[in-house]
Amino acid sequence: MAKKGRVFSGARPTGKQHLGNYLGAIKNYVALQNDYECVYCIVDVHALTTVETTQDLKQNTIEMALDWLAAGIRPEDSILFVQSHVKEVMELHTYLSMVTQFGKLTDLPTFKEKVRQQPDNINYGLVGYPVLMTADIVLYKSDIVPVGIDQAPHIEFAREIVRSFNYRYNTKALVEPQVKHTEILKVVGIDGKDKMGKSLNNHIELAVTAEETVKRVREMVTDPARQRKTDPGNPDVCNVFTMHKIFSPQEEIDMINTECRKAGIGCVDCKLRFASNLNKNLEPFRAKRAELESKTDYVNDVLIDGAKRARTIAEKTMAEVREAMKMP
Ligand code: SF4
């Protein structure tokens, strides 16, 4: 079946992935492969704007790629590669930076947020982040970028940069990417309040053992108003119930929904049921991960091949870009 276009998406190398990564991005990446030609990039250069050391960068890249592959990214269909392996992106980033107004970059809410987060490290790369992101997207002639509603302005900004470039050099060399609105599930961590993430240590890793998963699930915060087992609970405000709705069979969800409200089920029992269902769901992923991990150099080979295929597209784009710019 003919594909509907080329999708591009990138994520920083954060190492072993957790439930938030899976439900918020990877699951969607896997599904998109059925209809689109997909280019998935591990953006290690972007990571340099915030990381203090590169000591774990390589390992984090491998672990993340391993999780993506085990979750269902098919390297025979999709291009999976590392951003820094295709050097053309640095060149395009430089050219695009010449058609981007500095004031617009410093006005972006994401930049202001970063300044608040790391006031002692407001580096040049941080300001140019959206330009490098635009280079990532357009270098591979991507038609579509899947983003949540809150990220759509970033893609609009990328479109503006593309228009400025095409206008200045009177060319159609760069393609304006379209937004594909995607429902990005905000997964709450085991603390029951913040978004799941490694920095807050409120995450559940996909690749841990079944026993570790049970331990982590037992730590989950439930309905804060329910103090004792004999108190009725409210599943509507409980993160464990939210997770049940994703991973448990419907009859179990219905049972908990009814029994929790009349104190017919305790939170420990409820959590253990969730942990068991989660482990069942993750079994194929964990088996696949172990299999891929046992193949020496498998992930490296996938990433090398991905970079080769990505470079073929990038070289063509850059030839058109240089010609349009009349570069000597
Ligand atoms: Fe949450 Fe389950 Fe406890 Fe109800 S019984 S408060 S749904 S953990």
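Only a predicted model underlies this, so the values are computations on that prediction, with no experimental measurement involved.

## Considerations on the pattern of salt bridges
Step number 1: Under the counting rule described, the total for this entry stands at 24 salt bridges.
Step number 2: A salt bridge links Asp67 to Arg289, with the nearest nitrogen and oxygen atoms 2.4 Å apart. With a gap of 222 residues between them, Asp67 in helix H3 (residues 57–71) and Arg289 in helix H12 (residues 267–294) connect regions that are remote in the sequence. Arg289 shares its class with Asp67; the two are buried.
Step number 3: Residues participating in the shared-partner salt-bridge network are Glu63, Asp67, Arg289 and Glu293.

## Here's the deal with the environment of Thr242
Step number 1: Along the polypeptide, Thr242 turns up in helix H10 (residues 239–247).
Step number 2: Counting along the chain gives 34 residues from Thr242 to Val208, while the straight-line C-alpha distance between them is 21 Å.

## Re the site of the ligand
Step number 1: Near the ligand, the surroundings consist of Thr222, Asp223, Arg226, Cys238, Val240, Phe241, Ile256, Cys260, Ile265, Cys267 and Cys270.
Step number 2: The residue makeup of the shell around the ligand, split by class, is 8 nonpolar, 1 polar and 2 charged.

## Considering the packing of aromatic side chains
Step number 1: Per the counting criterion, the structure on display carries 6 aromatic pairs.
Step number 2: Ring plane angle 5° and centroid distance 6.0 Å describe the contact between Phe8 and Tyr140, whose orientation is recorded as stacked. Residue Phe8 is found in strand S1 (residues 6–11), and its partner Tyr140 is found in the loop between helix H7 (124–139) and strand S4 (144–147); the two are separated by 132 residues along the sequence. Each member of the pair, Phe8 as well as Tyr140, carries the same accessibility label: buried.
Step number 3: Put simply, the rings of Phe8, Phe81 and Tyr140 pair up and form one aromatic cluster.
Step number 4: Taking NZ or CZ as reference, Lys295 lies 4.9 Å from the ring centre of Tyr298, over its face.

## Focus: the nonpolar core
Step number 1: Counting 48 residues, the largest nonpolar core has Leu19, Tyr40, Trp68, Leu80, Met243, Phe274 and Leu278 as the members making the most contacts within it.
Step number 2: Taken together, the elements giving at least two residues each to this core come down to helix H1 (19–32), strand S2 (37–42), H3, strand S3 (79–82), H10, helix H11 (250–261), H12 and helix H13 (298–325).
Step number 3: Taken domain by domain, this core gets at least three of its residues from each of domain 1 (6–187 + 296–325) and domain 2 (208–290).

## Details of unusual backbone geometry
Step number 1: For Asn170, which is not glycine, the phi dihedral falls at a positive 50°.
Step number 2: Among the secondary structure elements, Asn170 is positioned in the loop between helix H8 (152–168) and strand S5 (178–181).
Step number 3: Notably, Asn201 is not glycine yet its phi reads approximately 50°, a positive angle.
Step number 4: Relative to the assigned elements, Asn201 resides in the loop between S5 and helix H9 (210–218).

## Concerning the domain arrangement of the chain
Step number 1: What the domain assignment reports for the chain is domain 1 (6–187 + 296–325) and domain 2 (208–290).
Step number 2: Each partner contributes residues to the interface: domain 1 has 11 residues there, and domain 2 has 7 residues.
Step number 3: In this assembly, domain 1 packs against domain 2 so that about 770 Å² is buried in total across both faces, 75% of it on carbon and sulfur atoms.
Step number 4: The interface formed by domain 1 and domain 2 holds 2 salt bridges in total.
Step number 5: Note that Arg289 and Glu63 form a salt bridge whose closest N and O atoms lie 2.7 Å from each other.
Step number 6: The interface formed by domain 1 and domain 2 holds 2 residue pairs in polar contact (both at pLDDT 80 or more) in total.
Step number 7: Contributions of two or more residues to the side of domain 1 that touches domain 2 are made by H1 and H3.
Step number 8: Counting residues per element, the side of domain 1 that touches domain 2 draws most heavily on H3, which supplies 6 residues.

## Quick notes on the environment of Val131
Step number 1: Structurally, Val131 is set in helix H7.
Step number 2: Residue classification places Val131 among the buried residues on the basis of a relative accessible area of 1%.
Step number 3: Distance in space between the C-alpha atoms of Val131 and Ser97 is 6.2 Å, their sequence separation being 34 residues.
Step number 4: In contact with Val131, not counting residues within four places along its chain, are His93, Leu96, Ser97, Thr100, Leu105 and Ile161.

## A few points about the packing of H9 against H12
Step number 1: Remark: H9 packs on H12, axes separated minimally by 9 Å, with the N-to-C direction vectors making an angle of 145°. Here the hand of the crossing between H9 and H12 comes out right-handed. Of the residues in H12, those touching H9 at Ala210, Thr213, Val214, Val217 and Arg218 are Val268, Lys271, Leu272, Phe274, Ala275, Leu278, Asn279 and Arg286.
Step number 2: Looking at side-chain class alone, the contact of H9 with H12 contains 8 nonpolar, 2 polar and 3 charged residues.

Rules behind the numbers
Residues numbered from 1 in each chain as written. Predicted model: local features only at pLDDT ≥ 70, side-chain atom pairs only at ≥ 80, totals over all residues. Heavy atoms only, no water. Salt bridge = Lys/Arg side-chain N within 4 Å of Asp/Glu carboxyl O. Helix = DSSP H or I, 4+ residues; strand = E, 2+ residues; numbered from the N terminus. Buried < 20%, exposed > 50% of the residue type's maximum accessible area, 1.4 Å probe, protein only. Near = heavy atom within 4 Å. Nonpolar A, V, L, I, M, F, W, Y, C, P; charged D, E, K, R; others polar. Phe/Tyr/Trp six-rings, centres within 6.5 Å; stacked < 30°, edge-to-face > 60°. Lys NZ or Arg CZ within 6 Å of the ring centre and 35° of its normal. Core = buried A, V, L, I, M, F, W, Y, C linked by side-chain atoms within 4.5 Å. Domains from an automatic or database assignment. Contact = heavy atoms within 4.5 Å. Buried area = accessible area lost by both parts, 1.4 Å probe. Polar contact = N/O pair within 3.5 Å; in protein donor to acceptor, adjacent residues only side chain to side chain. Axes fitted to C-alpha atoms, helices over the stretch in contact; angles between N-to-C directions. Left-handed = near helix turned anticlockwise from the far one by under 90°.

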